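Each chain, written out:
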Amino acid sequence: MTGSRVVALGHYQPAKVLTNDDLAAMVDTSDEWITSRVGIKTRHVGGPDEPVDEMAAHAAAKALATAGLDPADIDLVLVATSTAIDRSPSMSARVAARLGMASPAVMDINVVCSGFTHALATADHAIRAGSATRALVIGADKMADIADWTDRSTCVLLGDGAGAAVVVADPQGGADAAPGIGPVLWGSVPEMGRAVRIEGTPPRFAQEGQSVYRWATTQLPPIARKVCEKAGVAPEDLAAVVLHQANLRIIEPVARKIGAVNAVIARDVVDSGNTSAASIPMALSKLVERGEVASGASALLFGFGGNLSYAGQVIRCP
């Protein structure tokens, strides 16, 4: 069976930067309070003329250029997002139109913070089944649009951005000779789904922070280790760990409990905040762009959050 591999990455963030001091002028907070509780220093915020599909298209164009592919070469576009206001056209259709694609299959995937790893697995499955040969997988969210800027416990977390991956068929099936995508391990805790919410008109983000923290730091490390086991990679052999960039106080203990003692740990949350589905591809793209992870090296991608869902896989970096 033909496998798949990630051959290129790209990311995009709006130019406007919102610092902790900026937020302190808006709500009752401070740089010390935010840094000590979530580890975030800055976040990028898009303006009204910077919709989700535009950010997604910028990230996708960068990934395509890196891969040396034209938009017409893509036959499947998947966009993971939870901040699409309109039901149709979908974000994926709008991205395809912005890039001038011919006739790709288009699909949006809404699993909130674990959306990108769900979408990456979906692309891998489509390629393995012979339904696609080259896929564009994007995570893009504009969290500023759904933030409650009067709630200091949540507005300090959120940022905007997009990350993209080009995924192609790999006749070697993900053998050691080439980057591949390992089997996904995914699931959820439906009875706790309301711990992270985007509800109302207009929609607003809310969460039960302590419940999410306890779940993430206690229940997720053994699941992440099982992801490595399914991929046949020992945690100590990982070159990188890219968790959903939710909160530095979650990222660091979870990474430690996984046992990835030799891995680079993505900490993009410090500069970008929580960008939901964009956080994993954006953080991975930056690691690769900076040369912090070698081509062909094993990276654990593990998304978690909204719906109290999770999905993870080990990939070989492009």
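Here, every reference points to the structure presented above.
Below, the structure is looked at part by part. Within each chain, residue numbers correspond to sequence positions counted from 1 in written order. Given that this is a predicted model, residues contribute local features only at a pLDDT of at least 70 and side-chain atom pairs are listed and counted only at 80 or more, while totals for whole chains, interfaces and linings are drawn from all residues. The side-chain numbers reported here are obtained from all heavy atoms of the structure, hydrogens and water having been left aside.

## Considerations on the overall build of the protein chain
Link 1 in the chain: Helices and strands together make up the secondary structure of the protein chain, namely nine helices and 14 strands.
Link 2 in the chain: The C-alpha atoms of the protein chain give a radius of gyration of 18 Å, which matches the 20 Å a tight globule of 318 residues would have.
Link 3 in the chain: With respect to the principal axes defined by its C-alpha atoms, the protein chain has extents near 55 × 45 × 40 Å.
Link 4 in the chain: By the convention used here, residues are in contact when the closest approach between their heavy atoms is within 4.5 Å. The contacts of the protein chain with a sequence gap of at least 6 include a subset with a gap of at least 24, amounting to 77%.
Link 5 in the chain: Surface exposure of the protein chain reaches about 12300 Å², of which carbon and sulfur atoms provide 49%.
Link 6 in the chain: Positive charges come from Lys and Arg alone, negative charges from Asp and Glu alone, with His and the N- and C-terminal ends not counted. Each charge is placed at NZ for Lys, CZ for Arg, CG for Asp and CD for Glu. On the protein chain, the mean spot of the 27 positive side-chain charges and the mean spot of the 33 negative ones are 5 Å from each other. Secondary structure counts use DSSP, requiring at least four H or I residues in a row for a helix and at least two E residues in a row for a strand, with both numbered from the N terminus. The globule rule used here is 2.2 Å times the number of residues to the 0.38 power, and the radius of gyration it is set against is calculated over C-alpha atoms. All accessible areas in this document rest on Shrake-Rupley with a 1.4 Å probe, and a residue is counted as covered only by the protein chains that are shown.

## Describing the pattern of salt bridges
Side chains that differ in charge, positive against negative, can pair when their charged atoms come close.
Link 1 in the chain: Here a salt bridge means any side-chain nitrogen of Lys or Arg lying within 4 Å of a carboxyl oxygen belonging to Asp or Glu. Counted by the stated rule, this structure contains 13 salt bridges.
Link 2 in the chain: Across the pair Asp53 and Arg98 runs a salt bridge whose closest N-O atoms are separated by 2.6 Å. Here the residue Asp53 occupies a position in helix α3 (residues 52–67), and Arg98 occupies one in helix α4 (residues 91–99), the gap between them amounting to 45 residues.
Link 3 in the chain: Its salt-bridge partner being Glu54, residue Arg98 comes within 4.0 Å of it at the nearest N-O pair.

## A short note on the nonpolar core
Link 1 in the chain: Take the buried Ala, Val, Leu, Ile, Met, Phe, Trp, Tyr and Cys residues and link them wherever side-chain atoms come within 4.5 Å; each set so joined is a nonpolar core. Think of it in three bands: with a 1.4 Å probe and only protein chains considered, a residue is buried below 20% of the maximum accessible area for its type, exposed above 50%, and partly exposed in between. With 49 residues, the main nonpolar core has Leu238, Leu243, Leu300, Phe302 and Phe304 as its most contacted residues.
Link 2 in the chain: Of all elements in the fold, only α2 (31–38), α6 (209–231), β11 (240–243), α7 (248–258), β13 (298–305) and β14 (309–316) reach the threshold of two or more residues within this core.
Link 3 in the chain: It is α6 that provides the largest number of residues to this core, a total of eight residues.
Link 4 in the chain: Contact partners of Leu300, with chain neighbours within four places excluded, come to Ala224, Val227, Cys228, Leu238, Ala240, Val241, Val242, Ile258, Gln313 and Val314.

## Some thoughts on the sheet that holds strand β8 (residues 185–188)
Link 1 in the chain: A pair of strands is labelled paired if DSSP reports no fewer than 2 bridges between them. Strand order in this open sheet of five strands is β8-β14-β13-β11-β12, and the pairing throughout is mixed. Among the strands making up the open sheet, the edge pair consists of β8 and β12 (264–265).
Link 2 in the chain: Pairing of β11 with β13 involves four bridges; the strand directions are parallel. Following the sheet pairing, Ala240 is matched in β13 by Ala299.
Link 3 in the chain: Where α7 meets the sheet, its contacts fall on β11, β12 and β13, and the angle it forms with β11 comes to roughly 135°.
Link 4 in the chain: Here helix α9 (residues 279–289) sits on the sheet in contact with β11, β12, β13 and β14, set at roughly 150° to β11. Angles run from 0 to 180 degrees between N-to-C directions of axes, and those axes are lines fitted to C-alpha atoms, restricted for helices to the stretch in contact.

## Description of the sheet that holds strand β6 (residues 134–142)
Link 1 in the chain: Judged by pairing direction, the sheet is mixed, and its five strands sit side by side in the order β1-β7-β6-β4-β5 without closing on themselves. Every interior strand has two partners, whereas the edge strands, β1 (3–12) and β5 (105–109), have only one. Averaged over all neighbouring strand pairs, the angle between strand axes comes to 20°, with direction disregarded.
Link 2 in the chain: Of the strand pairs in this sheet, β6 and strand β7 (residues 160–170) are connected by nine bridges, and their pairing is antiparallel. Paired with Ile138 across the bridge in β7 is Ala164.
Link 3 in the chain: Those strands touched by α4 are β4 (76–80), β5 and β6, and its axis lies near 135° from that of β5.
Link 4 in the chain: Where α9 meets the sheet, its contacts fall on β1, β6 and β7, and the angle it forms with β1 comes to roughly 90°.

## Structural notes on helix α5 (residues 115–128)
Link 1 in the chain: Expected span, for any helix, means 1.5 Å times one less than how many residues it has. With 14 residues, α5 extends 20 Å from end C-alpha to end C-alpha; this agrees with the ideal 20 Å at 1.5 Å per step.
Link 2 in the chain: Burial analysis of α5 places 11 of its 14 residues in the buried class, which makes it a mostly covered element.
Link 3 in the chain: Within the sequence span of α5, burial applies to Gly115, Phe116, Thr117, His118, Ala119, Leu120, Ala121, Ala123, Asp124, Ala126 and Ile127.
Link 4 in the chain: The positive-phi residue at the C-terminal boundary of α5 is Gly130, with phi of around 85°.

## Side note on the packing of aromatic side chains
Link 1 in the chain: Between rings of Phe, Tyr and Trp, where Trp is taken as its six-membered ring, a pair exists when centres lie within 6.5 Å; planes separated by under 30 degrees are stacked, by over 60 edge-to-face, and by other angles tilted. Under the criterion given, the structure shown has two aromatic pairs.
Link 2 in the chain: Pairing Phe302 with Phe304 gives two aromatic rings, centres 6.4 Å apart and planes at 40°, and the pair type is tilted.
Link 3 in the chain: Residue classification places Phe304 among the buried positions, given a relative accessible area of 1%.
Link 4 in the chain: Summarising the aromatic geometry, the rings of Phe302 and Tyr310 are spaced 6.4 Å apart at their centres and angled 20° between planes, so their arrangement reads as stacked. Comparing Phe302 with Tyr310 shows no difference in burial state: the two are buried.
Link 5 in the chain: In textbook terms, an aromatic cluster arises when at least three aromatic residues are bridged by ring pairs, as seen for Phe302, Phe304 and Tyr310.
Link 6 in the chain: In this arrangement the basic side chain of Arg249 is found over the ring face of Tyr213, its NZ or CZ atom lying 5.2 Å from the centre. Charge-over-ring placement is defined geometrically: NZ (Lys) or CZ (Arg) within 6 Å of the ring centre, and within 35 degrees of the ring normal.

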